[in-house]
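Take a look at the letters that make up each chain.
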Amino acid sequence: MDTYVVPVTFPDLDTAKRDASSLVEALRTAGLHAEMADDPRLDLEDDAGRRDPGPTTRELRVHADGVAEVRERVQMVVDGQFPAGMVLLGEPTRL
């Protein structure tokens, strides 16, 4: 198995903070070993006064047998978890 990086773009920082962990849990439930890379922007507790940066891309790391498997299975979970077009996936890249 190889590790692949998949850019996952959420519509805004709040959605990325709120839903990234549930996406990872859904991927794990679907049988994939997945984790989000650390993002220091998500550790800020007092960010109520911040300006929302708009679309926020997180780095998802998935262990799988190939690019096609990663693309298909992650997209299937995203489609089942979010409304169409809300969360966009970039092209998986092998580490």
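First, a word on what this report is: a plain description of the structure on this page. (Residues numbered from 1 in each chain as written. Predicted model: local features only at pLDDT ≥ 70, side-chain atom pairs only at ≥ 80, totals over all residues. Heavy atoms only, no water.)

1. A short note on the environment of Val-87
- Relative to the assigned elements, Val-87 resides in the loop between α2 (67-81) and β4 (88-89).
- A relative accessible area of 5% means that Val-87 is categorised as buried.
- Separated by 78 residues in sequence, Val-87 and Thr-9 have C-alpha atoms that sit 5.6 Å apart.
- Each residue touching Val-87, except ones within four places of it in the same chain, is listed here: Val-8, Thr-9, Phe-10, Val-78 and Phe-82. (Helix = DSSP H or I, 4+ residues; strand = E, 2+ residues; numbered from the N terminus. Buried < 20%, exposed > 50% of the residue type's maximum accessible area, 1.4 Å probe, protein only. Contact = heavy atoms within 4.5 Å.)

2. Describing the packing of aromatic side chains
- By the definition in use, this model includes 1 aromatic pair.
- Between Phe-10 and Phe-82 the ring centres are 6.2 Å apart and the planes differ by 75°, which places this aromatic pair in the edge-to-face class. Here the residue Phe-10 occupies a position in strand β1 (residues 2-10), and Phe-82 occupies one in the loop between α2 and β4, the gap between them amounting to 72 residues. (Phe/Tyr/Trp six-rings, centres within 6.5 Å; stacked < 30°, edge-to-face > 60°.)

3. Description of the pairing of β1
- Relative to strand β3 (residues 56-64), β1 is paired through 9 bridges, and the arrangement is antiparallel. Within β3, the position partnered with Phe-10 by the bridge is Thr-56.
- As defined by bridge partners, β1 adjoins strand β5 (residues 93-94) across 2 bridges and the pair is classed as antiparallel. In the strand pairing of β5, Tyr-4 is matched with Arg-94.
- Where β1 lies against β4, 2 bridges are found, and the strand directions are antiparallel. Following the sheet pairing, Val-8 is matched in β4 by Leu-89. (Pairing = 2+ DSSP bridges.)

Remember that the coordinates give geometry; whether it matters functionally is a separate question.
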